[in-house]
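# Examination of the molecular architecture
Listed below, chain by chain, are the residues.
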Amino acid sequence: MADLNTTFLGLALKNPLVVSSSPVSSDPDSVAKLEAAGAAAVVLRSIFEEQIREDVAAMEASLDGDTSAAAMDYLRAGLAERFGPQSYLDTLADMRRRVKFPLIASVNCVAADKWVSYARKIEMAGADALELNLYHMPVDPAEDASHVEGRRLALIKAVLRETRIPVSVKLSPHYTSLLAFARAADALGVKGMALFNRFLQTDVDVEKESMFLATEYSTPAALHSQLRWAAVLRNRVKCDIAVSGGIHTWDGLVKALLVGANVGYVCSALYVRNDFCVIGEILAGLADWMGRKGYQSVSDFRGKLGEKDLTDGDGFERVQYVKTAASIG
Ligand SMILES: Cc1cc2nc3c(=O)[nH]c(=O)nc-3n(C[C@H](O)[C@H](O)[C@H](O)COP(=O)(O)O)c2cc1C
């Protein structure tokens, strides 16, 4: 019988499948169902630093303020259902009483502003870890890459000073040098990084001739970028890696583990299938595959396909790219 036990952010997990942040992880009943369905842990829906700094009404009044248009639309989209900071803590404490598996709180944050002491409250309310969701689209043309990244690193440092629970970061793939930024975050002491957050998708309504931001669920095709970066980062950072994006079936989780992820996150599959039983199916598929391959435990094969299989330095990837491009057309 395959042993699915693993660790993530220093937490003991019964398997490597974690439910990532979204509305399904915002209320205690739903989180209890996710635990019963077999998930190893859950990342709570994000609270926004703007919510922490001000109450929701004040924030609504300031929606046309200076934050980026994309962030404002993101906020507006879920504002009515989103919690205020005290009810986020109360809900977390309620979840803590009801479930045994690890609870990872999530804050969407941009800067180490007045909200950072809230991280301690999250810890006191019973979170086992805290994920910093660095979802933000820089739109100030005067702000260069090093300034944007410096602000994020200062934020991570401030949160690490404030808390004793493990802190991880949820990254986007949109860095000029993701590897350098990831290593800088790792050097500060984050315990994990989730690859990747997905920005809301920009679309155009051709009848209304207006732009809007669509919430779209992923497909398994979304997994490729995460696999590439997990493989590249695996031996370049000390912290754990979570692959988030495109895990819909057991083989998606197996691929993530093979390239060195400690866990796979699942989100869209829960919505697409509209049934939490997808969690059990993914885990049964993983156990079955391990049995067929003769693996006793997850550590027997985690990271088996490292960077050398993908890039072999700069040369292999470049050669494959040139060969593929040359063979098309
Ligand atoms: C409806 C919805 C709401 C989401 N809300 C959050 C959120 O509050 N915080 C966050 O970090 N990620 C959020 N995400 C992103 C997911 O956690 C996940 O990283 C992303 O959807 C990619 O994984 P998937 O392909 O399994 O969906 C949300 C995704 C969806 C579909």
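Owing to the predicted nature of the structure, the values given are computational and were not obtained by experimental measurement.

Glancing now at the packing of helix H1 (residues 28–36) against helix H5 (residues 85–98). Axis separation between H1 and H5 bottoms out at 9 Å; the angle between their running directions is 35°. Note on packing geometry: the crossing formed by H1 with H5 is right-handed. Facing H1, whose interface residues are Pro28, Val31 and Ala32, H5 presents Thr91, Asp94, Met95 and Arg98. Partitioning the contact of H1 with H5 into residue classes produces four nonpolar, one polar and two charged.

A few words now on the packing of helix H10 (residues 250–258) against helix H12 (residues 277–293). The contact between H10 and H12 brings their axes to 8 Å, and the two run at 60°. Between H10 and H12, the crossing angle belongs to the class labelled oblique. Seen from above, H10 lies across H12 with right-handed handedness. Contacts between H10 and H12 involve Trp250, Asp251, Leu253 and Val254 from the first element and Glu281, Ile282, Gly285, Leu286 and Trp289 from the second. Looking at the contact of H10 with H12 residue by residue, the class counts come to six nonpolar, one polar and two charged.

Before going further, it helps to spend a moment on the nonpolar core. Counting residues in hydrophobic clusters, the biggest one holds 88 residues, and the most contacted among them are Val18, Val42, Leu130 and Ala230. By residue number, the principal contributor to this core is helix H9 (residues 223–233), which donates seven residues. Once residues within four sequence positions are removed from consideration, Val18 is found in contact with Phe8, Ala39, Ala40, Ala41, Val42, Val43, Ala242, Val263 and Tyr265.

Here we take up the environment of Asp128. Mapped onto the fold, Asp128 is located in the loop between helix H6 (118–124) and strand S7 (129–133). Put simply, Asp128 and Ala41 are 87 residues apart on the chain and 9.9 Å apart in space, counted from C-alpha to C-alpha. Those residues in contact with Asp128 that sit more than four places away from it in its chain are Leu11, Pro102, Leu103, Ile104 and Ile165.

Remark: a regular strand shows side chains that alternate across the two faces of the sheet. Counting buried positions along strand S10 (residues 201–205) yields zero of five residues, so the element is predominantly exposed. A loop of four residues connects S10 with strand S11 (residues 210–214), the two strands running antiparallel in sequence, and Glu209 in this loop sits at a positive phi of about 50°.

Turning to H1, its buried residues number three or more, namely Val31, Leu34 and Glu35. One face of H1 carries all of its buried residues, which in axial projection span an arc of 100°. In H1, those exposed residues whose orientation departs by more than 90 degrees from the buried face are Asp29 and Ala36. Contacts made by the buried residues of H1 are with strand S3 (17–19), strand S4 (41–43) and H5.

For the peptide bond that leads from Leu195 to Phe196, omega is 5°, which places it in the cis range. Assignment of secondary structure puts Phe196 in the loop between strand S9 (192–195) and S10. Phi at Leu9 takes a positive value of approximately 55°, unusual for a residue other than glycine. The residue Leu9 is located in the loop between strand S1 (6–8) and strand S2 (11–13) in this model. Owing to 25 C-beta atoms within 10 Å, Leu9 belongs among the buried residues under this scheme.

About the criteria used
Residues numbered from 1 in each chain as written. Predicted model: local features only at pLDDT ≥ 70, side-chain atom pairs only at ≥ 80, totals over all residues. Axes fitted to C-alpha atoms, helices over the stretch in contact; angles between N-to-C directions. Helix = DSSP H or I, 4+ residues; strand = E, 2+ residues; numbered from the N terminus. Left-handed = near helix turned anticlockwise from the far one by under 90°. Contact = placed C-beta atoms within 7 Å. Nonpolar A, V, L, I, M, F, W, Y, C, P; charged D, E, K, R; others polar. Parallel < 35°, antiparallel > 145°, perpendicular 65-115°, else oblique. Core = buried A, V, L, I, M, F, W, Y, C linked by C-beta atoms within 7 Å. Buried ≥ 20, exposed ≤ 12 C-beta atoms within 10 Å, placed from the backbone. Pairing = 2+ DSSP bridges. Arc of directions from axis to C-beta.

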